[in-house]
Amino acid sequence: MERILLRGVRSVLKHPGLLQAPSRCSSSSRFNVPLSSAEVARPVGVCSMMRLPVQASSAGLDAAFVGVPLDIGTSNRPGSRFGPRHIRAESSLLRAYNGGTRAAPFESLMVADIGDVNVNLYDLKKSCKMIRNSFKEIVSTGCIPLTLGGDHTITYPILQTMAEKYGPVGLVHIDAHSDTSDIVLGEKICHGTPFRRCVDEGLLDCKRVVQIGLRGSTYEPDGYLWSREQGFRVVSGQDCWLRSLAPLMKEVRQQMGDGPVYISFDIDGLDPAFAPGTGTPEIAGLQPSQALEIIRGCQGMKIIGCDLVEVSPPYDTSGNTALTAANLLFEMLCVLPNVKYY
């Protein structure tokens, strides 16, 4: 498996006061539990997602955080290759329980950080092949991947792997852009084309696809016509203004039924006031509270994988974009099948 692991993960204290990432963070639990900042200061330890243990593969895991540091498919501001490490760094603020929903994922699932997929920053097509091969190994173990991007190109090879295992999948796609272009600058693979390629290859169950938050200027009068023609449900950013999205998600749950569902969240789906650190920002986007409504509204779906893409740390001077991304990934973990709620 072509992945680069975070190093220094032995579970022993070689020297007094020197903490290394533990193999299991709570001796009283049969599951991995994030380190508590009440016991270990947040800046201490290996920089893993939520300060969870790091392991070499997905074997034995119910869910895993995995990074894909690729941004050579981007069309505007680059930098999302650094997204995974910055999301991990900001995730040290997260805690084990969801105070809003009372979800207890670390009492329900075995979760770890399995490092990063290796990519070729000089060859986008080869990188897609490397991603596909890595995710094929992850899903072969029965593990649900929660992916830290990386630009949105990465969702295409991931969905190739998902469809190979599950057949055509449903999709909850949150984004400012539909990412359904056919050819961009002569290329068929980039961050603006993943869902066009997925439809071309029959990877999506098009009647079970919803795109939420689409907005901004377009190349044609109706920039989302192609999506609608495929059977996608399109919910524009303007449709979301000044309203709760809980009623929408009730309808989406019915649309998705009991088939496999993948969640793909482009951070530019949020308004750039909340998430400025991204490559192609669009004004008048979703609020963070609406993002939570969308993700929490996915509870009960047969979720087979998730990603959070397009965080570009060079444009995230406060770290708030990466912090928001880390929180949204935690929310995704909380709605996976078999998570316990108090």
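Computed from a predicted model, the values in this text were never measured in an experiment. Per chain, the residues get numbers from 1 upward, laid out in the order the sequence is written. In keeping with the model being predicted, local features are shown solely for residues with a pLDDT of at least 70 and side-chain atom pairs are shown and tallied solely at 80 or more, while totals for entire chains, interfaces and linings include all residues. Computation of side-chain values: all heavy atoms of the structure, hydrogens and water removed.

With that settled, consider the pairing of strand 8 (residues 233-236). For two strands to pair, DSSP has to find at least two bridges joining them. Strands here mean DSSP runs of E at least two residues long; helices mean DSSP runs of H or I at least four residues long; both are numbered from the N terminus. Of the pairings in the sheet, the one linking strand 7 (residues 204-214) to strand 8 comprises four bridges and is parallel in character. Paired with Leu214 across the two strands is Ser236, which belongs to strand 8. Handedness of the β-α-β unit built from strand 7, helix 5 (residues 225-230) and strand 8 comes out right-handed. When the strands point away from the viewer, a crossover counts as right-handed if the path from the first strand over the helix to the second runs clockwise.

Taken N-terminus to C-terminus, the directions of helix 7 (residues 288-296) and helix 8 (residues 320-334) make an angle of 25°; their axes are 9 Å apart at the nearest point. Of the possible angle classes, the one that applies to helix 7 and helix 8 is roughly parallel. Note on packing geometry: the crossing formed by helix 7 with helix 8 is right-handed. Within the contact between the two elements, helix 7 uses Ala291, Leu292, Ile295 and Arg296 and helix 8 uses Leu328, Glu331 and Met332. For the contact of helix 7 with helix 8, the per-class residue count stands at five nonpolar, no polar and two charged. Only the contacting stretch of a helix is used when fitting its axis, a line to C-alpha atoms as for every element, and angles between N-to-C directions run 0 to 180 degrees. Angles are sorted into four bins: roughly parallel if under 35 degrees, roughly antiparallel if over 145, roughly perpendicular if 65 to 115, and oblique for all others. Left-handed describes a crossing in which the near helix is turned anticlockwise from the far one by less than a right angle; the clockwise case is right-handed. By definition, residues are in contact when any of their heavy atoms lie within 4.5 Å. Only Asp, Glu, Lys and Arg are considered charged in this grouping, and only Ala, Val, Leu, Ile, Met, Phe, Trp, Tyr, Cys and Pro are considered nonpolar; every other residue, Gly among them, is considered polar.

Where helix 1 (residues 83-90) meets helix 8, the axes come as close as 8 Å, and the angle between the chain directions of the two elements is 80°. In this view, helix 1 runs roughly perpendicular relative to helix 8, as classed from their interaxial angle. Where helix 1 abuts helix 8, its residues His86, Ile87 and Glu90 lie against Ala322, Leu323, Ala325, Ala326 and Leu329. The residue makeup of the contact of helix 1 with helix 8, split by class, is six nonpolar, one polar and one charged.

On to the pairing of strand 9 (residues 260-266), then. Only protein chains enter the area calculation, which uses a 1.4 Å probe; residues under 20% of their type maximum are buried, those over 50% are exposed, and those in between are partly exposed. Burial analysis of strand 9 places seven of its seven residues in the buried class, which makes it a mostly covered element. Residues Pro260, Tyr262, Ser264 and Asp266 line one face of strand 9 and the alternating positions Val261, Ile263 and Phe265 line the opposite face, and both faces are buried. Across five bridges, the pairing between strand 6 (residues 169-174) and strand 9 is parallel. By the bridge assignment, Leu171 is partnered in strand 9 with Tyr262.

Right, let's talk about the state of the cysteines for a bit. By convention in this document, the label disulfide applies to cysteine sulfur atom pairs within 2.5 Å. Counting across every chain of the model gives zero disulfides. Distance from the sulfur of Cys143, which forms no disulfide, to the nearest cysteine sulfur (Cys306) is 11 Å. Look at Cys143 and you get buried, because its relative accessible area is 2%. Here Cys240 is not cross-linked by a disulfide; its sulfur's nearest cysteine counterpart is in Cys298, at 13 Å.

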